[in-house]
Amino acid sequence: MVNDSELKEFEGIKNVKIVDGKKVFNCTMCGKCCYFREDKNITKEDEQKYYDYMYSKYGILYLAPLSDITINVWPEEAEKLRRIAIEKGVDVKLRPKRAVYDEKNNELIILDYFIDHDVCPFFDKKKRTCGVYDDRPLICRAFPLLSTKTTGNCEYKLFDTNEYAEEQTEAKKLEKMVDFQKKIIQEMITSEKIKIPDSIDSSMMEHIIKDAKIKELRIMYDALK
Ligand code: SF4
Ligand code: SF4
């Protein structure tokens, strides 16, 4: 509980509000989190190490360099955003982010997408608000949290992740999605529904992109029920 003198201390500070006597995050609507592609200080070597780890541990392939990737959009969210973009006349590019390649059925199974723009095309620069607020992706709902314990690059963020009441609920959903996705992939491998090659080099990747059937892994509603 925040006491009276502490309450006074937060008066006028835009990024804090008090709800039921507790200090919680109050987004200032600066909109900076809807501008992407800040410099990601990752070396090529570390990037490759990360790809190798994700492939050997989970069979997950990255289809875009980490420096390009912006906010994560699950396939169900991508479908909704594409529909809204058509309705609103917004040009949105949703690029596949990660996938699993199943050599048994020659299928590239897309796990998620990202918004491939420097500034999210749904961001209203004049009003500095989200143009798809009620339908914004889970990751936007959780932000500045990236998980229940980590925060992203928000200038106005609070440092105690417990002070994010609403965002914690969304961050828990994000974690559920990630865990559920890994579990489903493992189950598909173990039950031999799919077969993941031991390794994939660049020429094999070119072949896959050209010839494989494209599918999506849609698990959002099962993961979050
Ligand atoms: S979450 Fe942070 S960066 Fe994003 S609009 Fe709110 S205050 Fe700005
Ligand atoms: S969907 Fe909305 S909140 Fe998310 S990045 Fe785009 S404008 Fe910002």
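Please read these numbers as outputs of a predicted model, since none were measured by experiment.

Points about the site of ligand 1
Lining the immediate environment of ligand 1, one finds Cys27, Thr28, Met29, Cys30, Gly31, Lys32, Cys33, Phe143, Pro144, Cys154 and Tyr156. Taken together, the residues of the shell around ligand 1 sort by class into eight nonpolar, two polar and one charged.

Regarding the pairing of strand 5 (residues 94–102)
With respect to burial, strand 5 is a largely interior element, seven of its nine residues being buried. In terms of strand pairing, strand 3 (residues 61–62) meets strand 5 through two bridges, oriented antiparallel. Considered in strand 5, the bridge of Tyr62 is made with Arg98. Sheet topology note: the strand 5/strand 6 (residues 107–115) ladder contains eight bridges and is antiparallel. By the bridge assignment for strand 6, Pro96 is matched with Tyr113. Linking two consecutive strands that pair antiparallel, namely strand 5 and strand 6, is a turn of four residues; a positive phi of about 45° is found at Asn106 within it.

Describing the site of ligand 2
Neighbouring ligand 2 are Cys34, Ile71, Cys120, Phe122, Phe123, Cys130, Val132, Arg136, Pro137 and Cys140. A breakdown of the residues in the shell around ligand 2 according to their chemical character gives nine nonpolar, no polar and one charged.

A short note on unusual backbone geometry
Looking along the chain, the bond that leaves Phe143 and enters Pro144 is cis, with omega of 5°. On the secondary structure map, Pro144 appears in the loop between helix 4 (138–142) and helix 5 (165–190). The backbone phi angle of Met29 is positive, close to 60°, even though this residue is not glycine. Here the phi dihedral of Arg128 falls at roughly 55°; this positive angle occurs in a residue that is not glycine. Secondary-structure assignment places Arg128 in the loop between strand 7 (123–124) and strand 8 (129–130).

Structural notes on the nonpolar core
With 25 residues, the main nonpolar core has Ile71, Val73, Phe114, Ile139, Ala142, Phe143 and Leu174 as its most contacted residues. Counting residues per element, this core draws most heavily on helix 4, at four residues. In this structure, Val100, Leu108, Ile109 and Ile185 belong to the second largest nonpolar core, which totals eight residues.

Remarks on helix 5
Helix length check: helix 5 (26 residues) gives 38 Å between terminal C-alpha atoms against 38 Å at 1.5 Å per residue, within 8%. Those residues of helix 5 hidden inside the fold are in contact with strand 2 (22–25), helix 2 (44–58), strand 5, strand 6, helix 4 and helix 7 (220–224). After helix 5 finishes, the residue Glu192 shows a positive phi value of roughly 60°.

What counts, and at which threshold
Residues numbered from 1 in each chain as written. Chains lettered and ligands numbered in written order. Predicted model: local features only at pLDDT ≥ 70, side-chain atom pairs only at ≥ 80, totals over all residues. Near = placed C-beta within 6 Å. Nonpolar A, V, L, I, M, F, W, Y, C, P; charged D, E, K, R; others polar. Buried ≥ 20, exposed ≤ 12 C-beta atoms within 10 Å, placed from the backbone. Helix = DSSP H or I, 4+ residues; strand = E, 2+ residues; numbered from the N terminus. Pairing = 2+ DSSP bridges. Core = buried A, V, L, I, M, F, W, Y, C linked by C-beta atoms within 7 Å. Expected span 1.5 Å × (residues − 1). Contact = placed C-beta atoms within 7 Å.

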